[in-house]
Amino acid sequence: MAGRSGRTVRDLRRANRTAVLQRLYFDGPLSRFELGPATGLSSGSVSNVVADLVADGLVEEAGSVDSDGGRPRTLLRVAPESGHMIGVDVGETRVRVELFDLALTELARAELPLEQQRYEVEVIVDHIRSGIAEVLAAAGLAPERLLGVGIGVPGIVERTPDRGAVVHGQTIGWDAIPLESLLRSGSPLPDTVPYFIDNGARTLGQAEMWFGAGRGARNALVVLFGSGVGACLVTPEAEHGRAVEWGHLTVRVRGRRCRCGALGCLEAYAGAESLLARWREEGGSVPEAADEETALTAMLAAAYPPDGTAADPVALAVLEETAEYLGAGLSDLINLFQPERILMGGWAGLQLGSRFLPAVRRHALSYALRHPAEKVTIELGRLGPDAVTVGAAVLPLADFFARGGRRPDPAPESPPPAWRTALQERVPR
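Within each chain, residue numbers correspond to sequence positions counted from 1 in written order. Only residues with pLDDT of at least 70 get local features here, since the model is predicted, and only at 80 or more are side-chain atom pairs given and counted; chain-wide, interface and lining totals rely on the full set of residues. Hydrogen atoms and water are omitted, and side-chain values are computed over all heavy atoms in the structure.

J.: Looking at this structure, I do not really get the packing of helix H9 (residues 292-303) against helix H10 (residues 313-337). What am I missing?
T.: Two numbers describe a pair of packed helices, the interaxial angle and the distance between the axes. Where H9 meets H10, the closest approach of the two axes is 8 Å, and the angle between their N-to-C directions is 105°. In terms of their interaxial angle, H9 and H10 are classed as roughly perpendicular. Across the interface between the two elements, Met299, Ala302 and Ala303 from H9 touch Ala315, Leu316, Val318 and Leu319 from H10. Of the residues that constitute the contact of H9 with H10, the class distribution is 7 nonpolar, no polar and no charged. Structural elements are reduced to axes, namely lines fitted to C-alpha atoms, with helices fitted over the stretch in contact, and the angle between N-to-C directions of any two is expressed from 0 to 180 degrees. Helical segments are the DSSP runs of H or I of at least four residues, strand segments are the runs of E of at least two, and each set is numbered from the N terminus. For classification purposes, an angle smaller than 35 degrees is called roughly parallel, one larger than 145 roughly antiparallel, one from 65 to 115 roughly perpendicular, and anything else oblique. Any pair of residues with heavy atoms lying within 4.5 Å of one another is described as a contacting pair. Classification convention: Asp, Glu, Lys, Arg as charged; Ala, Val, Leu, Ile, Met, Phe, Trp, Tyr, Cys, Pro as nonpolar; all other residues, Gly among them, as polar.

In structure tokens, the structure reads:
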């Protein structure tokens, strides 16, 4: 039966379950008494919902606390083993696959190098399938117990009615790749387990906003600095995060050729791939046959010698110039969106870390307008190199919350968009 608002009793029950699950997940353990004001539900509704969730095995007791003059109050929490998710990061040098329980504790991982194949579609699809099978076998988990698989990819993701998630990755040579359909073909997973595919910068941003340095911020930008650069914008109007193709902002007219084909993109100066290319062009000693992470480590050691010897002036100059380009690029984001917080993540950002960030911060604030610059903080993300996989695993987790802790309907034609609603509803306190 539907009320005047169009919501049915089933909708109301699902919303109440979602409210209780989310508050226990982000703020728990909590007592039934505390859940009332935390969710806005009556004590009777809280009791009914909790009893329902306990019966479903989603909520369990977690000790007790003394109350004022009465009996001790039982604490409740979301049961970690009541659900499992897989997060996948399609990165520059490897495909990383991680299996998590509902508390986002890592249970197993697989890392499959890309080497010379780079972003060849067949290789990526095979790596994702193999990684999923490997982590499930390592944990002894049946595939049908998964809530879903979240995947962070470079590029723009479009959802289509006939092919599911399609990836437009101009910088990696992907032109409307039906990634979801390809994964479904020969998948090690049953059709009841959905795939959730999104931009890698956005999954990084979601992880930092839910669990990392972005908690509590209403306006934030999370920057992914890897082989290329990207960003995720979080505002009150886009609390679920919106991927921004920041790396293809033009920073120099008729400048260097970007891997997207255009001239003068920020990524042509500030991405790790271009940073190392510029070091090589200037006569730097880039290690032969080394992957980007190894080469960047060597460059960092040359520019900032750990033993106190003289710095390599070429490496230092290229890094300092890169810091200025990144800072100038951030100043545009500051002027456009006026965020209260900017977080830098991605393997290259974390690798350069505190050595690099002060210069980036100094340039960003010097190029930005004074008023928004005075209100922003710029810092490193806190979740480390696994942030993209954690954020990818959040996608099926958010869908699970949006369903009130119910699993997806059997054999959906494509994963429903409920997870977008769950991410949009609120950023955890």
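J.: Looking at this structure, I do not really get the sheet that holds strand S4 (residues 84-90). What am I missing?
T.: Across the sheet, 5 strands lie side by side as S6-S5-S4-S7-S11; this open sheet has mixed pairing. One side of each edge strand has no neighbouring strand; the edge strands of this open sheet are strand S6 (106-113) and strand S11 (195-199). Shown here is a sheet whose adjacent strand axes are inclined to one another by a mean of 15°, direction ignored. Two strands pair when backbone bridges link them, and S4 and strand S7 (residues 146-153) are joined in this way by 6 bridges, in the parallel orientation. Paired with His84 across the strands is Leu146, a residue of S7. The sheet strands contacting helix H6 (residues 200-211) are S7 and S11, and the helix crosses S11 at an angle near 100°. In this fold helix H13 (residues 387-402) packs onto S4, strand S5 (94-101), S7 and S11, with an angle of close to 140° to the strand it touches most, S4. Pairing between strands is defined by DSSP: at least two bridges between them are needed.

J.: Explanation requested: the environment of Leu319 in the structure shown.
T.: Assignment of secondary structure puts Leu319 in helix H10. Sequence-wise, Leu319 and Ala359 are 40 residues apart; in three dimensions their C-alpha atoms are separated by 9.7 Å. Beyond its immediate chain neighbours, meaning those up to four positions away, Leu319 contacts Leu275, Met299, Ala303, Tyr304, Leu352 and Phe356.

J.: For this particular structure, what's the right way to read the packing of aromatic side chains?
T.: Ring pairs shown here join Phe, Tyr and Trp side chains whose ring centres sit within 6.5 Å, with only the six-membered ring taken for Trp; geometry is labelled stacked below 30 degrees between planes, edge-to-face above 60, and tilted in between. This model, assessed by the stated rule, comprises 9 aromatic pairs. Relative to Tyr325, the ring of Tyr269 lies with its centre 4.5 Å away and its plane at 25°, an arrangement referred to as stacked. Placement of Tyr269 in helix H7 (residues 267-270) and of Tyr325 in helix H10 is noted, with a sequence separation of 56 residues between them. You'll find Tyr269 and Tyr325 in the same group, each marked buried. A connected cluster of aromatic rings, assembled from ring pairs, spans Tyr25, Phe26, Trp210, Phe211 and Phe401. Sitting over a ring, as applied to charges here, requires NZ of Lys or CZ of Arg to be within 6 Å of the ring centre and within 35 degrees of the ring normal. Here Arg73 stacks its cationic end above the ring of Phe33, 4.0 Å away from the centre of that ring. Partly exposed residues are those whose accessible area sits between 20% and 50% of the maximum for their type, while under 20% is buried and over 50% is exposed, using a 1.4 Å probe and protein chains only.

J.: Looking at this structure, I do not really get helix H4 (residues 121-139). What am I missing?
T.: Spacing of three or four residues puts side chains on the same side of an α-helix, whose turn is 3.6 residues. Across its 19 residues, H4 extends 27 Å between first and last C-alpha, which sits within 8% of the 27 Å expected from 1.5 Å per residue. Buried within H4 we find Val121, Val123, Ile124, Val125, His127, Ile128, Gly131, Ile132, Val135 and Leu136. Looking one or two residues beyond H4, the residue adopting positive phi is Gly140, at roughly 65°. Here, expected helix span is obtained from the residue count minus one, scaled by 1.5 Å.

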